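# Architecture at a glance
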Amino acid sequence: MTQTSTSDVTPDTAETQPTGTEPTETVMETVVNIGPSHPSTHGVCRVVVHLDGEVITHCEPIIGHLHRGIEKMAENRTYLQVVPLTDRLDYVGSMYANWAYCRAVERLAGIRVPERAEYIRVIVCELQRIASHMMGIGSTGADTGAFTAFMYTFAQREKVVELFELLCGARLTYNYVRPGGVSRDLPDGWVEQCRAFTAQHPSAMLEIDDLLLGNVIARARLKGVGVLTQVDAVAWGTSGPIARGSGVDWDLRRDDPYSVYPRFDFSVPLGDNGDSYDRARVRVWECVESCRIINQALDQLEPGSVQAEGLPRLLAPRPGDAYDHIESARGSLGVYLVSDGSPRLYRMKVRSPAFCNLAVLPLLAKGHTLSDLVVILGSLDPVFGEVDR
Amino acid sequence: MAFVDDLGAALDKTPGGGIILTSLDALIDWSRGKSLWMMPMGTACCAMELIAASFARFDFDRHGSIPRPDPRHTDVMVVAGTITRKMEPAVKRLWEQMPEPKWCIAMGNCAVSGGIFYYDTYSVVRGVDEFLPVDVYISGCPPRPEALQDAILRLREKVSAESIVPSRAKPVKSILPQPGDPRKGDIAAEGGEPS
Ligand code: SF4
């Protein structure tokens, strides 16, 4: 499955000439192209791999196959019209991009968000973290050949998607978090259903943990593969589970608190070795911590309004700029906005965690075999909507 | 398929061959329609729904539609997601690698027309039908897995009307309104008197 892609655009299986004049030792380098449509690249990524035998000497991810020009499109939209576009950035976790963008707009226009709306945002974003990690953990399983685990994680994901569907009618592109609050209040019975989910989810996580990460074969495939040292994790600007898997104790929810996060008691799981196993493990425990946060948020939820009062239909903030970032399922997701005083954005820039995390792929893959590349790429859990934007 | 084509043409001319041909067509269409293996050409958000469709809750395998990543194993390409100019040659190439007979489903607004990325962007192909012959369109951003299920069933109808002799293929009625069709609510067409 991982030999050569059946779908390569440029089938370049070239052999470079042996270097040096002495033909005593022949170094045969094979260049293999994987992607852009390959089941193990999690989207449309092309990886050009230089091989010595089966060992990777160098690899290069080629991105841009999903570049849709969202940042440019935003310049032709009003502030409210950009929200649906941010849904399409990180489509595994749409709520995050919604929220990061709305926070930047609120900072730019000086909007105060009602407390209930902040709580709802925290709840939906933690649910989104679970949904997104379910995809990440499941695909780690699929990459190592444990496809059954994917079925279990997806069953959990479907439950979260169902909750979102009750909330805003959409399964994937929610457009729920809006500048000044959220689009509508929680429907009747939603809180109970959400509690039922958070009560059941940790035990399901233990089962999945046991099934996938407790499996000898999966451990053998994941442990010691793609080790990212703590120093490298910081130097390359990684964030989220990738950095935390390497032991970098950095979580924006705790270290640069935003919204109502300081009111919750939660811990930040860390890995020790920085290998693919630790990254998967961190994701599993983050899901359990998310359930704790959701439970606390549901307890503290007070009735009230979910939209800021007196917001004009057409926002036109004063000239200036604003940056805000949140901790998404993939790391710190930042949005930088520049306003020139008109109702349209002047510039939007997204600091995408998936893009920064993908940059370490050549570093991690070097010295491993081709079959491990799939595992390493999967453990970085990139979403190409966000990488390419 | 040359042998099948020759056989079909020969049978069509033979007296009584029509009977054999009808049963042969029925058998071939039945077997083709019941095992439409999918080439999941998932590029963007819609791919998530494509994955969800073949998983636990929706379970597409029961329709005989199994996703296979290798184009040489598949019958129907499901284009799910935005196709950019950079991606276009790859999709075209994958389509060419699929053996005949093959069909194409455009899933989601992006694959149908460019969808939300129709205006103001410079890198998106406005609909996969600019370079592929699409059989079934599914609207939605993203469409629900049930919509994909419906598309597979519609495609099956289309497959069951085909014949190994092209002239014997039955016409398939498109569910899209055609030019000249009476419009719904059109009083004159429904037999009422225009007031
Ligand atoms: S139709 Fe919508 S959901 Fe599907 S790929 Fe396009 S933007 Fe994404």
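Up top is the structure.
Residues numbered from 1 in each chain as written. Chains lettered and ligands numbered in written order. Predicted model: local features only at pLDDT ≥ 70, side-chain atom pairs only at ≥ 80, totals over all residues. Heavy atoms only, no water.

### Details of the sheet that holds strand β1 (residues 29-34) of chain A
All names here are of chain A. The condition is simple: Any two strands with at least two DSSP-identified bridges between them are counted as paired. Elements are defined by DSSP. Helices are runs of H or I of four residues or more, strands are runs of E of two residues or more, and each kind is numbered from the N terminus. Only the stretch in contact is used when fitting a helix axis, every axis being a line fitted to C-alpha atoms; angles between N-to-C directions are given from 0 to 180 degrees. Contacts are residue-level and defined by heavy atoms, with any inter-residue pair within 4.5 Å sufficient.
Spatially, β1-β2-β3 is the arrangement adopted by the 3 strands of the open sheet, whose pairing is antiparallel. Each edge of the open sheet is held by one strand with a lone partner, namely β1 and β3 (55-62). Strand-to-strand twist in this sheet, taken as the mean axis angle between neighbours without regard to direction, amounts to 20°. Along the sheet, helix α14 (residues 370-380) contacts β1, β2 (46-52) and β3; its crossing angle with β2, the most-contacted strand, is approximately 145°.

### Observations regarding the interface of chain A and chain B
So the rule is basically this: Summed over both partners, buried area is the accessible surface (1.4 Å probe) that two parts give up on being assembled. Here, a salt bridge means any side-chain nitrogen of Lys or Arg that lies within 4 Å of a carboxyl oxygen of Asp or Glu.
At the junction of the two partners, chain A supplies 39 residues and chain B supplies 38 residues. Buried area between chain A and chain B, summed over both chains or domains, comes out near 3,300 Å², and the portion from carbon and sulfur atoms is 64%. For the interface between chain A and chain B, the tally reads 3 salt bridges. Of the charged contacts, one joins aspartate 120 of chain B and arginine 77 of chain A as a salt bridge, the two residues approaching to 2.4 Å between their closest N and O atoms.

### A closer look at the site of the ligand
Applicable threshold: What makes a residue near a molecule or strand is one non-hydrogen atom of that residue sitting within 4 Å of it. Polar here means any residue outside two lists: the nonpolar Ala, Val, Leu, Ile, Met, Phe, Trp, Tyr, Cys and Pro, and the charged Asp, Glu, Lys and Arg; Gly therefore counts as polar.
Within the structure, the ligand sits among 14 residues, and Cys45, Cys46, Asn109, Cys110 and Cys141 of chain B are positioned closest to it. Residues lining the ligand come from chains A and B. Residue classes in the shell around the ligand are distributed as 8 nonpolar, 5 polar and 1 charged.

### Brief notes about α14 of chain A
All names here are of chain A. Threshold: Exposure categories follow from relative accessible area, calculated using a 1.4 Å probe and restricted to protein chains: below 20% of the type maximum is buried, above 50% is exposed, and the middle band is partly exposed.
In terms of residue burial, α14 counts as a mostly covered element, since 10 of its 11 residues are buried. Of the positions making up α14, those classed as buried are Leu370, Asp372, Leu373, Val374, Val375, Ile376, Leu377, Gly378, Ser379 and Leu380. A positive phi of about 50° marks aspartate 381, the residue just after α14.

### Some words on the packing of aromatic side chains
Residue and element names in this part refer to chain A. The test is simple: Within 6.5 Å between ring centres, the rings of Phe, Tyr and Trp (the latter by its six-membered ring) count as paired, and their orientation is classed by plane angle as stacked under 30 degrees, edge-to-face over 60, tilted in between.
Using the criterion set out here, one finds 10 aromatic pairs over all chains in the structure. With 6.5 Å between their ring centres and 40° between their planes, tryptophan 99 and tyrosine 261 make a pair best called tilted. Residue tryptophan 99 is located in helix α3 (residues 94-109), and its partner tyrosine 261 is located in the loop between α10 (252-255) and α11 (276-300); the two are separated by 162 residues in the primary sequence. Summarising the burial analysis for this pair, tryptophan 99 and tyrosine 261 share the class buried. Plain terms: the ring middles of tyrosine 258 and tyrosine 261 are 5.2 Å apart, the flat faces sit at 70° to each other, and that makes the pair edge-to-face.

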